[in-house]
Amino acid sequence: MPYQGELANKASHFDIIQDPEVQQFLDQCKYIQEPSEEEGRKMTSGFVTPPNFDKIKFPDTVIAIDGSFYTSNFSENLPATEIGYIKIGSVLIDMNQFDGLKVGKYVDPFKVAKLLDRSNALKFILPSSNVYLKGKKTTVIDSFRAAVDGHLYSQKTRFDQNNPKTSLRTTLFHLASRRPSDMGTGEVNKLKIHKCPNPNCQEKHLEVFDTPEQQYCPRCNIEIYPSDCLRLWEEVNEFQSNQQVMGRFMQAIEHLLPMHYIRYLSENSLDSLAATAFFIDRPLGIFGTAAWLHKSILRYLAEINDRLGGLLQKNQSPILIIGLQKTGQIVDYVGLIDRFIKPNRILAIDDDYRYSYIVPGRKPAEGGFGNETYYGQDFIYKTPNNRTFVLAIPYPFASKDSANFVKEKIKLNNYQNLPLALGLIHKFECDLYENAIIPIALANEHTAISLVPGGTVLNILTLDKLKNN
Ligand SMILES: [Zn+2]
């Protein structure tokens, strides 16, 4: 094991893969490998011409959300004492201004760099191993729970700083109350925690309310927080690095934020919401203990889409959230087959395809791939300009309970907003970024505004819209 700070170099990597014992070991393993010409053609035979997007109307606004996190030991002498530092940037792009400024495919890299300056991002600092909040918190888990709840409730996540009901925590109530099963409450000011976090109590299905007051377990009387429902605390280590938990927290926030904007816009200006699209840089699936959220998101989106359709009566397509993937198994796979894919082609990844080629050897999940995690369908898309992207858009269903779901989820025609998604990607593709698209990047001080929910930008946006109408 290298000493801390010592980097493994390329030479030792080479030594490892040349080691005959390693070769022998790999011979006994199943893993994804470079396809032959014939295999490559077979793997790409299911790609089809995508729906045409020449005549689509672009949204007025695109909001892109991108996060990063670090765990950091803040003293060299205490390598096992850590804090977590999570930053989530939200960037708003005004499409009308963007159109006026883009010259061909060229985007000024300096302006891109400026846009990527996340100084305005939402910041979340959390206790990790061996760090405790002062006061009564004597475990990292309790400190972590208190800090997470404090962040979600804080003014920085509110659209109106004086109104706690505009906080991210209230958005969590809106989602958690919609949980199918007996964990849902049907009332937006009430949610259920699956069990008390006190290991000596574990009282089941605790109810908590969307109030500022501290709430307590009725059985053991410890502090209970609404955000305990995310169950992130279950994976917190007291004495070891909490990288995974920080990643899970970031994941939860990246999925919650679009819902947060959607809730705000739906309560204030459906027209603005109808003219907004979202990008996040991950699949539309939630992994780990907060996976249950994916069902609430599906249900919530279906409700909002109903309202959009009902109120606007003008072929309003469903809310578009694009989960763009820059890394991961599908992206790795695409690297192997890319040369076989023709320009302007798309594939909706079906379960057979995924289990045969992308994750060969993995046991198929009961109820279909991603049954417990995904709220969106993965696509591989090669643009007319020959760039390949892995993207997901939400399933156009309120739930995955239908017997035909596994078949229906891969039909391109079911995705009314697919042409728009492809049109946006085509519009945003850029020479500067290989297989990453620019949305976040659409880079320009004139076209993009960095914002946080607590900022006033969305209010301005909403007001503009109301004025225009
Ligand atoms: Zn308890």
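Located above this text is the structure these notes cover.
Now for a description of the structure that goes with this document. Being a predicted model, the structure only gives us computed values, none of them experimental.

Before going further, it helps to examine the packing of helix α6 (residues 140–153) against helix α7 (residues 168–176). Contact pair α6 / α7: the axes reach a minimum separation of 6 Å and the direction vectors enclose 100°. Relative to α7, α6 is oriented roughly perpendicular. Two secondary-structure elements touch here, α6 through Asp149, Leu152 and Tyr153 and α7 through Leu168, Arg169 and Leu172. For the contact of α6 with α7, a count of residues per class yields 4 nonpolar, no polar and 2 charged.

For a metal with four tetrahedral donors the ideal donor-metal-donor angle is 109.5 degrees, while six octahedral donors give ideal angles of 90 or 180 degrees. The zinc ion binds to the protein through Cys196 (SG), Cys201 (SG), Cys217 (SG) and Cys220 (SG), with metal-donor distances spanning 2.3 to 2.4 Å. Taken together, the 4 donor atoms coordinating the zinc ion span angles of 104 to 115° at the metal, a pattern that classifies the geometry as tetrahedral. The sequence motif formed by the donor residues of the zinc ion is C-x4-C-x15-C-x2-C. Residue cysteine 196 is located in the loop between β4 (190–195) and β5 (204–209), and its partner cysteine 217 is located in the loop between β6 (215–216) and β7 (223–224); the two are separated by 21 residues in the primary sequence.

In this fold, arginine 339 is placed in the loop between α11 (329–337) and β10 (345–348). Linking arginine 339 and arginine 41, residues 298 residues apart in sequence, is a C-alpha distance of 9.7 Å. Ignoring sequence-local partners within four residues, the contact set of arginine 339 consists of Pro35 and Glu37. For arginine 339, the side chain forms a polar contact with the side chain of glutamate 37, separated by 2.9 Å.

Attention shifts here to helix α2 (residues 20–27). Counted residue by residue, α2 has 0 buried out of 8 residues, so it is predominantly exposed. Between the side-chain oxygen of the N-cap and the backbone nitrogen of glutamate 21 there are 2.8 Å, and the N-cap of α2 in question is aspartate 19.

Okay, the packing of aromatic side chains next. Taken as a whole, this structure holds 13 aromatic pairs when the rule is applied. With 5.6 Å between their ring centres and 70° between their planes, phenylalanine 287 and tyrosine 374 make a pair best called edge-to-face. Taken as a pair, phenylalanine 287 in the loop between β8 (276–280) and α10 (293–312) and tyrosine 374 in the loop between α12 (351–358) and β11 (376–382) lie far apart in primary sequence, 87 residues in all. According to the relative accessible area criterion, tyrosine 374 is buried, its value standing at 8%. Among the aromatic side chains, those forming a connected cluster through ring pairs are Phe159, Tyr261, Tyr264 and Phe278. Lying over the aromatic face of tryptophan 292, arginine 179 brings its terminal NZ or CZ to 4.0 Å of the ring centre. The residue whose ring lies beneath arginine 354 is tyrosine 374, and the NZ or CZ to ring-centre distance is 5.9 Å.

Moving on, we come to the side chain of serine 296. Looking at the element boundaries, serine 296 is found in helix α10. Excluding its chain neighbours within four sequence positions, the residues that come into contact with serine 296 are Leu175, Ala176, Arg178 and Arg179.

This paragraph deals with the pairing of β11. Most of β11 is tucked away: 7 of the 7 residues are buried. As paired elements, β10 and β11 share 4 bridges and run antiparallel to each other. Along β11, the bridge assignment pairs alanine 348 with phenylalanine 379. In the sheet, β11 pairs with strand β12 (residues 388–394) via 7 bridges, with the strands oriented antiparallel.

A few words now on the pattern of salt bridges. The full count for this structure, using the stated rule, is 19 salt bridges. Between arginine 263 and glutamate 267 there is a salt bridge, with its nearest N and O atoms 3.3 Å apart. On the criterion of helical spacing, the pair formed by arginine 263 and glutamate 267 is a turn pair, its members being 4 residues apart in helix α8 (residues 243–268). Here lysine 326 makes a salt bridge to aspartate 281, at a shortest N to O gap of 3.4 Å. With lysine 326 in the loop between β9 (320–325) and α11 and aspartate 281 in the loop between β8 and α10, this pair connects stretches of sequence that are 45 residues apart. Aspartate 281 gets classed as partly exposed once you look at its relative accessible area, which sits at 21%.

Conventions adopted
- Residues numbered from 1 in each chain as written.
- Predicted model: local features only at pLDDT ≥ 70, side-chain atom pairs only at ≥ 80, totals over all residues.
- Heavy atoms only, no water.
- Axes fitted to C-alpha atoms, helices over the stretch in contact; angles between N-to-C directions.
- Helix = DSSP H or I, 4+ residues; strand = E, 2+ residues; numbered from the N terminus.
- Parallel < 35°, antiparallel > 145°, perpendicular 65-115°, else oblique.
- Contact = heavy atoms within 4.5 Å.
- Nonpolar A, V, L, I, M, F, W, Y, C, P; charged D, E, K, R; others polar.
- Donors = N, O, S within 2.8 Å, 3.2 Å for Na, K, Ca; no water.
- Tetrahedral: all angles 85-135°; square planar, octahedral: opposite > 155°, others 65-115°.
- Polar contact = N/O pair within 3.5 Å; in protein donor to acceptor, adjacent residues only side chain to side chain.
- Buried < 20%, exposed > 50% of the residue type's maximum accessible area, 1.4 Å probe, protein only.
- Phe/Tyr/Trp six-rings, centres within 6.5 Å; stacked < 30°, edge-to-face > 60°.
- Lys NZ or Arg CZ within 6 Å of the ring centre and 35° of its normal.
- Pairing = 2+ DSSP bridges.
- Salt bridge = Lys/Arg side-chain N within 4 Å of Asp/Glu carboxyl O.

All quantities given are derived from atomic positions and should not be read as evidence of function.
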